[in-house]
Amino acid sequence: MNIGWYLVVSAIVFCIGAGGVLVRRNPLVVLLCLELMLNGANLSLVAFARMWGNQSGQIFALIVMVVAACEVTVGLGLVVAIYRRRLPIDVDELNELKG
Amino acid sequence: MSATTYGWLVLACPLVGSVGLGLGYRVWPGRAAGWIATLAIALSFLFSVLAFIKLLGAVPDHRQLTSTLWNYDVSAGVDAKLQILLDPLSVFMILVVSGVSTLIHLYSVSYMTLDRGYVRYFSYLNYFVFSMLLLVLAGNFVLLIVGWAFVGAASYLLISFWYRRTTATRAGIKAFVINVVGDVGLVIATFIVFQHVGSVQFLTVFHGVHQDFARNGAPIVIACLLLLVGAFAKSAQVPLHTWLPDAMEGPTPVSALIHAATMVTAGVYLIARMHVLFEWAPTAADVGAIGGCVTLLIAATIALVMTDIKRVIAYSTMSQIGYMIMGVCLGAYSAGLFHLMTHAFFKALLFMAAGSVIGAMAGNQSLDRMGGFRRALPFTFACFIIGGLALSGLPPFSGWLSKDDIIAFVDHRGGAFVILGIAAYAGALMTGVYTFRMIFRTFLGDPVPEAVELEHGHLHHAEVPTNPMTGEEEDTDVGFPGPGHFIAEREWPMKIAMSTLAVLAVVGGVLQIPGVDDAVTRFLAPTFADSKYSHTEVASAPAWVGLVIGALIAVAGISIAYRIWVARPGTSLRLRERFSNVYVFLSHKWYFDEIIDFLIVRPVLWTGRLVDTTGERGVIGGFTDATTGAVRATSAAVRRGQTGFLRYYAALMIVCLGGVALYFLISST
């Protein structure tokens, strides 16, 4: 199969993720969308690895998953902390770092 | 031990005393601090005597010894060392300084009792003696400057000793500032000398002067004039003299030690030490001599009208140092230093006696309030008379021989210098008048209540202590004079100190009698061997003529004072009314304070204010304001980007990264 299809799917997934990050306000959903973006990138990595017959792209994808797992852990921890403090679970309300 | 070891020990004793007293200022009970300080200086005097004996044991040609403890710096080409020079001149000075200081310390042991700053006082006093000894023992310009600045600092500390008195702190600041002017002169002179000779060591410089400087050329004259600035500031010569009368705010023993016997003679020492330079720059030497002569006249005229007993003595000190400066500038080195020694004796004596009178007056210093103390203070009266006679120059007192020694030498130089000699005689006449004006007004006449009280055996105590200058009420806590007042009649340490000085003031002159003995000249000869005046001797016949004239003038001065203030009381008031313009002029001290205020202080203040408003606030402030404004504006702009919205950041990142990706895509095709 042509590599182009894989890349198109990857781009669509990435764009759905990016759009989600931009439009959703619930931090949980934002994290989910981040995962989508990462997996979109992963898909293109795996596709390229297959095209070249080189395994390092797949290993790279595995490492991205590990990093994504870590990131989600931190992110969910934050969400729990926000919830416990009874703060609004809304990224637009959490604008304490405003300059 | 060698002579130089004694020299170092002379320095070590007061230093150890000062530091030890200062560190343990809570520990020393009662008068212990005073005795420790006195012991330190007495040891210093003992070592001075031992050094003197060692030096006498050497042949005259080997009487210039140097000793180095530490070499500060050779890498920069400056041969500055921690080095002392022990030669007849410095030994002469350390003998006078440590000897008189011992007696003044002894006097202070009693005089300062009950003062809350007793230990601090003696720590300062020892520090002063150390600085002064360092100044006279220094073997190079660098150490000389160190000692020079140290005595200025010690003088400041001691003038402002009663630091809660505004008048005292102001006087201290004034003295320090004027002294610093002198320090600057000395430092720049040192630089000029170093620039030409390439050395800061005295002996090297003195040997190199004749090759490295053109005789009476601009560099050497400028260097010597700058040295004169230093000497004039330290020795309170016109126009840098205004600090000395104000310095009388310090405790009386301090006036005796610093502002009569030792520190103010540093200028005389400096000129004598630098005589090689001054002889190579006769123009500067003549300027110095004229300055000294002018000072001795101006100071004597002001002393005629002062009503503060200590200020009268202060002006007489200025006047006497004028004689010394004139002498050493014209080559009368041994005469000038001889007068320095006798002056130290009788002037310290006069100050001590004045301190005793002030004690009897419970701190009041005004001659207008004094009178009739001769029966209440017989011992002080005798000391005052002896000191006064020595100061006026009546035979056979020491001042007679030493002062007329200088004048005889000045006249011997001949030419225009005779004018200076005549002016010096005029000064001598006034000396007799003002000295005995002070004595007559203090001790003769009707006894004032304080004197009557004392005759009945009770020392007057002020109900409320006040500042004698302003009349402000004070307390007796630390920073103000203590509650006790002391008179020599009741305190044996004061009595011993004063009687020793009285004896010295009487017999001190025998060291140098024309035609009979010239011990001072002979002893100092090795130092001044390279002087062109070393063989200029006044024959004994003209010297005796001078002595007779001097004696007659002293008698004339004293009898004028007697006529005005004793024989016909009220004459002084009539004179004052008749010559009211002169009186006002003199009582304003020739308006020197006002002139300096107008010429220097106000322009400096005005410049300062100008720089403050335009330079500081306008230029520097404008620059910093502009800088901070720019930073603030930039950060405000940047801050607008920091919205705090997560999604905004994400969008920004996506757009930017997308832009980067696009750029690479486009550039790769």
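Residues numbered from 1 in each chain as written. Chains lettered and ligands numbered in written order. Predicted model: local features only at pLDDT ≥ 70, side-chain atom pairs only at ≥ 80, totals over all residues.

Caption draft 1: Structural context of the overall build of chain B. Scanning chain B from terminus to terminus reveals 26 helices and four strands. By its C-alpha atoms, chain B is 120 × 65 × 55 Å across when sized along the principal axes. Put simply, chain B has 669 residues, and 51% of those count as buried. Put simply, of all contacts in chain B between residues at least 6 apart along the chain, 81% involve residues at least 24 apart. (Helix = DSSP H or I, 4+ residues; strand = E, 2+ residues; numbered from the N terminus. Buried ≥ 20, exposed ≤ 12 C-beta atoms within 10 Å, placed from the backbone. Contact = placed C-beta atoms within 7 Å.)

Caption draft 2: Focus on the overall build of chain A. A tally of helices and strands in chain A yields three helices and zero strands. The linear arrangement of helices and strands in chain A, starting from the amino end, is α-α-α. Along the three orthogonal principal directions, the C-alpha set of chain A runs to about 50 × 25 × 25 Å. For chain A, with 99 residues in total, the buried portion stands at 16%.

Caption draft 3: Inspection of the interface of chain A and chain B at higher detail. Tallying the contact residues gives 10 residues for chain A and 10 residues for chain B. Classifying every residue of the side of chain A that touches chain B gives five nonpolar, two polar and three charged. (Nonpolar A, V, L, I, M, F, W, Y, C, P; charged D, E, K, R; others polar.)

Caption draft 4: Representation of the nonpolar core within the structure. Grouped together as the largest cluster of nonpolar side chains are 217 residues, with contacts concentrated most on Phe128(B), Leu133(B), Met326(B), Ala348(B), Leu349(B), Met352(B) and Leu501(B). For Leu349(B), the residues in contact, after removing those within four places along its chain, are Cys383(B), Ile386(B), Gly387(B), Met498(B), Leu501(B), Ala502(B) and Ala505(B). Of all hydrophobic cores here, the second largest spans eight residues; its members include Ala18(A), Val30(A), Met37(A) and Val91(A). (Core = buried A, V, L, I, M, F, W, Y, C linked by C-beta atoms within 7 Å.)

Caption draft 5: Molecular detail of the packing of helix H8 (residues 218-234) of chain B against helix H11 (residues 266-273) of chain B. Residue and element names in this part refer to chain B. Their axes nearest at 7 Å, the elements H8 and H11 cross at an angle of 155°. Comparing their axes, H11 and H8 come out roughly antiparallel. Every residue of H11 that contacts H8 at Leu 227, Gly 230, Ala 231, Phe 232 and Lys 234 is listed here: Ala 266, Gly 267, Leu 270 and Ile 271. Within the contact of H8 with H11, the residues separate by chemical class into six nonpolar, two polar and one charged. (Axes fitted to C-alpha atoms, helices over the stretch in contact; angles between N-to-C directions. Parallel < 35°, antiparallel > 145°, perpendicular 65-115°, else oblique.)

Caption draft 6: Quick peek at the domain arrangement of chain B. Here chain B is partitioned into domain 1 (3-587) and domain 2 (593-668). The straight-line distance from the C-alpha centre of domain 1 of chain B to that of domain 2 of chain B is 59 Å. (Domains from an automatic or database assignment.)

Caption draft 7: Broad picture of the packing of helix H10 (residues 252-261) of chain B against helix H14 (residues 309-330) of chain B. All names here are of chain B. Where H10 meets H14, the closest approach of the two axes is 11 Å, and the angle between their N-to-C directions is 10°. With respect to H14, the axis of H10 lies roughly parallel. For the pair H10 and H14, the contacting residues are Thr 252, Ser 255, His 259 and Ala 260 in the first and Lys 310, Ala 314 and Thr 317 in the second. The class makeup of the residues in the contact of H10 with H14 is two nonpolar, four polar and one charged.

Caption draft 8: Region of the structure containing unusual backbone geometry. All names here are of chain B. A cis amide bond, omega 5°, links Val 238 with the succeeding residue Pro 239. The residue Pro 239 is located in the loop between H8 and helix H9 (243-246) in this model. With omega at 0°, the peptide bond leading from Pro 395 into Pro 396 counts as cis. In this structure, Pro 396 sits in the loop between helix H16 (378-392) and helix H17 (398-413). Positive phi, normally seen in glycine, also occurs at Asn 216, with a value near 60°. Mapped onto the secondary structure, Asn 216 falls in the loop between helix H7 (202-212) and H8. We classify Asn 216 as partly exposed; it has 14 C-beta atoms within 10 Å.

Caption draft 9: Region of the structure containing the pairing of strand S2 (residues 80-86) of chain B. Residues and elements named next belong to chain B. Burial within S2 is extensive, with five of its seven residues counted as buried. When strand S1 (residues 65-73) meets S2, the two strands line up antiparallel, connected through seven bridges. Within S2, the residue paired with Asp 73 across the bridge is Ala 80. (Pairing = 2+ DSSP bridges.)

Caption draft 10: Region of the structure containing helix H3 (residues 88-111) of chain B. Its 24 residues place the ends of H3(B) 34 Å apart at the C-alpha level, agreeing with the 34 Å of an ideal helix rising 1.5 Å per residue. Counting buried positions along H3(B) gives 23 out of 24 residues, so the element sits mostly inside the fold. (Expected span 1.5 Å × (residues − 1).)

Caption draft 11: Molecular detail of the environment of Asn216(B). In the structure, Asn216(B) is positioned 51 residues away from Arg165(B) in sequence and 48 Å away in space, judged by C-alpha atoms. Beyond its immediate chain neighbours, meaning those up to four positions away, Asn216(B) contacts Val221(B), Ala281(B), Pro282(B) and Thr283(B).

Caption draft 12: Fine view of the confidence of the model for chain B. Summing up the model confidence of chain B, the mean pLDDT is 89 and the portion of residues at 70 or higher is 100%. This complex was scored by the predictor with a pTM of 0.81 and an ipTM of 0.88. (pLDDT = per-residue confidence, 0-100.)

Caption draft 13: Structural detail: helix H18 (residues 417-443) of chain B. Between the first and last C-alpha of H18(B) there are 39 Å, a value that for 27 residues agrees with the 39 Å anticipated at 1.5 Å per step. Positive phi shows up at Gly445(B), right after H18(B), with a value of about 85°.

Caption draft 14: Examining the environment of Met498(B) more closely. Residue and element names in this part refer to chain B. One can find Met 498 in helix H20 (residues 492-507). In this structure the C-alpha to C-alpha distance between Met 498 and Gly 399, which are 99 residues apart in sequence, comes to 17 Å. Excluding anything up to four places from it in sequence, Met 498 contacts Leu 349, Met 352, Ala 353, Cys 383 and Ala 488.

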